[in-house]
Every structure is written in structure tokens, then in C-alpha cells.
Amino acid sequence: MKNIVILISGGGSNMAAIVRTAQREHWERAPGVRIAAVISNRADAGGLAFAREQGIATHVVDHKAYTDRAAFDAALAERIDAQDPQGHPALVVLAGFMRVLTPDFVRHYAGRLVNIHPSLLPAFAGLHTHARALAAGCRFAGATVHLVTEELDDGPILAQAVVPVLPGDTPEQLAARVLTQEHRIYSRAIADLLRR
Ligand code: GRF
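Cut-off values and rules
Residues numbered from 1 in each chain as written. Predicted model: local features only at pLDDT ≥ 70, side-chain atom pairs only at ≥ 80, totals over all residues. Heavy atoms only, no water. Helix = DSSP H or I, 4+ residues; strand = E, 2+ residues; numbered from the N terminus. Expected span 1.5 Å × (residues − 1). Buried < 20%, exposed > 50% of the residue type's maximum accessible area, 1.4 Å probe, protein only. Contact = heavy atoms within 4.5 Å. Pairing = 2+ DSSP bridges. Axes fitted to C-alpha atoms, helices over the stretch in contact; angles between N-to-C directions. Near = heavy atom within 4 Å. Polar contact = N/O pair within 3.5 Å; in protein donor to acceptor, adjacent residues only side chain to side chain. Areas by Shrake-Rupley, 256 points an atom, 1.4 Å probe, with all protein chains shown as cover. 1 Å grid on protein atoms, 1.4 Å probe; cavity = no way out; pocket = protein on both sides within 12 Å on 5 of 7 lines; lining within 4 Å. Sits in = over half its atoms within 2 Å of the grid points. Nonpolar A, V, L, I, M, F, W, Y, C, P; charged D, E, K, R; others polar. Domains from an automatic or database assignment. Salt bridge = Lys/Arg side-chain N within 4 Å of Asp/Glu carboxyl O.

Draft legend 1. Highlighting helix H1 (residues 13-24). Here H1 contains twelve residues, and its C-alpha end-to-end distance of 16 Å stays within 8% of the 16 Å for a straight helix at 1.5 Å per residue. Looking at H1, one finds that the buried residues are Asn-14, Met-15, Ala-16, Ala-17, Ile-18, Val-19, Thr-21 and Ala-22. Of the surrounding elements, those touching the buried residues of H1 are strand S1 (2-8), strand S2 (33-40), helix H2 (47-53), strand S4 (91-94), strand S5 (113-117) and helix H6 (171-195).

Draft legend 2. Just the sheet that holds strand S6 (residues 140-147), in detail. One open sheet accounts for seven strands, arranged S3-S2-S1-S4-S5-S6-S7; its pairing is mixed. The two strands at the open ends of the sheet, each matched to only one other strand, are strand S3 (57-60) and strand S7 (157-164). Strand-to-strand twist across the sheet, computed as the mean angle between neighbouring axes with direction ignored, equals 20°. Two strands pair when backbone bridges link them, and S6 and S7 are joined in this way by seven bridges, in the antiparallel orientation. Considered in S7, the bridge of Gly-142 is made with Val-162. Running at roughly 160° to S2, H1 makes contact with S1, S2, S4 and S5 of the sheet. Across the sheet, H6 lies against S1, S2, S4, S5, S6 and S7, angled at about 155° from S7, the strand it touches most.

Draft legend 3. Up close: the site of the ligand. Taken together, Gly-11, Gly-12, Ser-13, Asn-14, Gly-96, Ile-116, Pro-118, Leu-179 and Glu-182 form the complete shell of residues around the ligand. Measuring from an oxygen atom of the ligand, one finds a backbone N or O atom of Gly-12 at 2.9 Å. With respect to the ligand, the side chain of Ser-13 contributes an N or O atom lying 2.5 Å from an oxygen atom. When isolated, the ligand has an accessible area of 360 Å², and the protein chains bury 78% of it. Judged by the fraction of its atoms near the pocket grid, the ligand is located in the largest pocket. Tallied by class, residues from the shell around the ligand come to three nonpolar, five polar and one charged. Viewed by domain, the shell around the ligand spans two of them, domain 1 (1-109) and domain 2 (116-196), each represented by three or more residues.

Draft legend 4. Seen up close, unusual backbone geometry. Geometrically, the link from Ala-30 to Pro-31 is a cis peptide bond, its omega value of 10° lying close to zero. With an omega dihedral of 10°, the bond running from Leu-121 to Pro-122 counts as a cis peptide bond. Mapped onto the secondary structure, Pro-122 falls in the loop between S5 and helix H5 (129-135). Phi angles above zero are rare outside glycine, and His-26 is one such case at about 50°. Tracing the sequence through the fold places His-26 in the loop between H1 and S2. Of note, the phi angle at Asp-153 is positive, near 55°, even though the residue is not glycine. When you line up the elements, Asp-153 lands in the loop between S6 and S7.

Draft legend 5. How the structure looks around the side chain of His-117. Counting through the fold element by element, His-117 comes out in strand S5. There is a polar contact of 3.4 Å between the side chain of His-117 and the side chain of Asp-153.

Draft legend 6. Highlighting the pattern of salt bridges. Summed over the entire model, instances satisfying the criterion amount to seven salt bridges. Across the salt bridge formed by Arg-188 and Glu-25, the nearest N and O atoms sit 3.2 Å from each other. In this pair, Arg-188 is assigned in helix H6 and Glu-25 in the loop between H1 and S2, connecting sequence segments 163 residues apart. Given the relative accessible area of 31%, Glu-25 is considered partly exposed. A salt bridge links Glu-150 to Arg-107; its shortest N-O distance comes to 2.9 Å. Remark: Arg-107 occurs in helix H4 (residues 103-108) and Glu-150 occurs in the loop between S6 and S7; sequence separation between them is 43 residues.

Structure follows, in C-alpha cells:
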């Protein structure tokens with residue numbers, strides 16, 4: 001059985017979509033996957049309650065309890081690896097996890113660390129993607145699932161979804177339209193990756 005660990009910081013709607021898809025498609029049968037744990041860097045992350053209700057182990061590793069990024073990332077990695085009997089989860093899924101990770105952390109999970117970013121990468125890496133897409137006059141926006149490398153919001157693209165920008169869109173309206181597509185493509189990309 002392949003264990004996957006999902007990292008969140010907030011509402012966790014992408015995490016919830018992945019959990020629902022795994023339940024509906026019986027990922028425990030094929031590709032033989034178990035969502036072993038959901039870990040948040042914030043105790044007040046809304047998604048933790050949902051995960052608990054689904055019977056998934058939840059953990060909080062609070063970044064504020066550590067003196068620096070390296071110490072936090074080391075504690076986080078230790079907690080992640082403890083979720084797999086061999087200490088080597090098949091996949092670590094960043095789902096609205098709002099911390100920049102150190103190169104050491106990223107190297108430790110090379111090839112098994114995935115992220116979803118709310119833009120059509122390589123356009124609009126970083127924050128405020130929807131406001132920037134609107135300010136640039138984009139006619140289309142979207143989301144990207146990618147393997148994580150040491151460069152922020154970089155790395156091989158696994159899946160993308162495109163949505164139209166509509167006249168008068170606010171960043172919030174565009175974000176909501178993109179988020180619906182995030183929910184669709186992230187679980188698909190994860191299942192495909194784990195079947196490789
Ligand atoms: C998503 O738009 C994700 O792409 C971005 O943060 C948002 C998280 O939403 N990184 P949620 O916590 O999955 O609801």
C-alpha cells in the first residue's frame with residue numbers, strides 16, 4: 001500500500017476533493033493508495049476537521065514553534081516520514097500549504113512532492129495570481145499541478161486547467177472559477193502519478 005500525506009494551511013478544499021475522489025474511486029484497490037495523514041502548519045486550519053471526520057489522522061506542526069525555516073522543515077519531514085512504516089511515503093501533496101520549503105526538504109522528497117498553483121505556470125508564480133492575471137488583461141486563467149523543485153512554483157508540469165476570464169471579474173470571482181478546476185485536476189494528476 002502506498003501512503004500519501006497531504007499538507008494544508010487553510011480551508012483544505014483541494015485536500016477534501018482528493019479525499020472524496022479517493023473514496024469514490026477506491027484508491028485503496030487501484031492504484032493501491034492510502035491517505036495516511038493530513039498535516040497543517042496551523043492549528044486553526046479549517047480542513048483539519050473534515051479530515052478527522054473522514055477518519056484520517058491529522059497533525060499540526062506549527063511553524064511559529066521553530067526558530068527558523070530549516071528547523072521547521074526538519075520537524076515537518078520527520079512527521080511526514082513517520083506516516084509510512086518504511087519512513088518513505090509515496091507522495092507528499094501540497095494543497096494550499098502556504099510555507100516556502102527549504103532546498104533540503106525539497107531534495108528529500110525529490111520526485112514525490114507535488115503542488116497545485118492557481119495560475120497557468122510559468123505565468124504568475126508567487127502570490128496574488130488572480131489579481132495579477134486580471135491586471136495583465138489575460139483572457140484566460142487557470143491552475144497547474146506540478147512536481148516541486150527548488151525553484152518556487154517551478155518544476156515539471158503534470159496537469160493544467162484553463163478557465164475564461166469574464167468581463168467584470170473580480171479576483172475573488174476568478175479564484176472561485178479556478179478553484180473548481182483545481183478540485184478536478186489535482187486528484188486526477190495524483191492518481192495518474194501513482195499509477196506510473
Ligand atoms: C488554492 O487556490 C491553491 O491553489 C492555493 O491556495 C488555495 C488553497 O485552497 N495554493 P484550499 O485550502 O485547497 O481550499
